[in-house]
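# Fold and geometry: a report
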Amino acid sequence: MNKYFDFKRFGKYLAYDLRNLRANYGLTLLILGCFPLFFYVINIIFNVIYHGFLGEWAGWSSPSFPARVSMFFVCLLVLVVSFPVQQYGKLTEKRYGSDWLMIPASRLEKFLSMLTVSLLVVPLAYLVSFNLTDWILSLLDPTYGQALVTWNINEAMYGNTGAVVVNGVVADEMPVTLGGGGLWLLWSSIIEGIFIFLLGALCFQRRKVAKTILCLIGLSIILSSVLSFIAFYHMDLDAYFDSFDPERMQNLNWNFRINLALWMHWLIVLGGLGTAIWFRLKTLKH
């Protein structure tokens, strides 16, 4: 067993991986985590210059809540795209990759350390630092509004309830809620994005982000074409909608079904991506 996994050896390698994280991505992660402060200052300066120039100064104005939510996802996108390349992209280089292969740790330990950093450390560091900065600003400035940490993803994405309307018939309200205010959905989305670009960073030698995005576009085109073909040529959609029964729809447990479908999606996608990353690490040679 010690040949494949040893807790002491794994702890040493994880510490090494975390030191690399600080050196390779620490500054970028710090900037992304403190971006609410940068966005706040830029917004104040812009308002002072713009309204001062027009002579319509109406007092101190902080960024709106929707603008801060948008900035949160923009920074999150930057994190998902940039982290895998900066942290693990050099493994495909001959010199760096050869040194990595010679580190006295098993492939399993290196893989588990990579998962720990990618699935836990980086997402947690970003979410905590970004929301902490935003929360401090909400305490210091009364015009800042509510902190993002109080935001309920269920209300934003699905609403408290939903209604189905087909053929002019409206079914009764069917509540759809996600556990933890939708936090696990956000976390799973972050992990999926990191896994996708991590696999691209390990597979491509150059232009890793661009090639990964091109692969995603190609895959989406293929999947949409296949699903459209099945829907239009092998399913009688008119008969399906004509047979729609609002009472039957109302009796279905939509909250359970949607949550189960999302969990199955994440398990299949993350399991597949994790398996692909594992085999890529096993075949990594220089």
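Quick caveat: nothing in here was measured; it's all calculated off a predicted structure. (Residues numbered from 1 in each chain as written. Predicted model: local features only at pLDDT ≥ 70, side-chain atom pairs only at ≥ 80, totals over all residues. Heavy atoms only, no water.)

As a further point, take the confidence of the model for the protein chain. Looking at the protein chain as a whole, the pLDDT averages 82, with 77% of positions reaching at least 70. The model gives residues 159-174 a pLDDT under 50, and that stretch makes 29 contacts with residues more than four places away or in other chains. (pLDDT = per-residue confidence, 0-100. Contact = heavy atoms within 4.5 Å.)

This brings us to the side chain of Lys-208. By the element assignment, Lys-208 lies in helix H8 (residues 208-233). The side chain of Lys-208 is buried and forms no salt bridge, while Glu-93, the nearest opposite charge, is found at 6.9 Å. Engagement of the side chain of Lys-208 in a polar contact is seen with the backbone oxygen of Gly-89, the distance being 3.3 Å. Here Lys-208 is in contact with Val-85, Gly-89, Thr-92, Gly-200 and Ala-201, once residues within four sequence places are set aside. (Helix = DSSP H or I, 4+ residues; strand = E, 2+ residues; numbered from the N terminus. Buried < 20%, exposed > 50% of the residue type's maximum accessible area, 1.4 Å probe, protein only. Lys, Arg positive; Asp, Glu negative; His and termini not counted. Salt bridge = Lys/Arg side-chain N within 4 Å of Asp/Glu carboxyl O. Polar contact = N/O pair within 3.5 Å; in protein donor to acceptor, adjacent residues only side chain to side chain.)

There is a patch of nonpolar side chains on the surface, built from Leu-27, Leu-30, Ile-31, Leu-37, Phe-38, Val-41, Ile-42, Ile-45 and Ile-49 and spanning about 840 Å² of accessible area. Residue assignment for the nonpolar patch shows that the elements contributing at least two residues are helix H1 (7-33) and helix H2 (35-54). By residue number, the principal contributor to the nonpolar patch is H2, which donates six residues. Tracing the backbone shows Ile-31 in helix H1. (Patch = residues over 30% accessible without salt bridge, like charges linked within 9 Å, V, L, I, M, F, W, Y side chains within 5 Å. Areas by Shrake-Rupley, 256 points an atom, 1.4 Å probe, with all protein chains shown as cover.)

All right, on to the state of the cysteines then. Inspection of every chain in the model, using the stated rule, returns zero disulfides. Note on Cys-215: no disulfide assigned, nearest cysteine sulfur contributed by Cys-203 at a separation of 8.7 Å. A relative accessible area of 45% means that Cys-215 is categorised as partly exposed. (Disulfide = S-S within 2.5 Å.)

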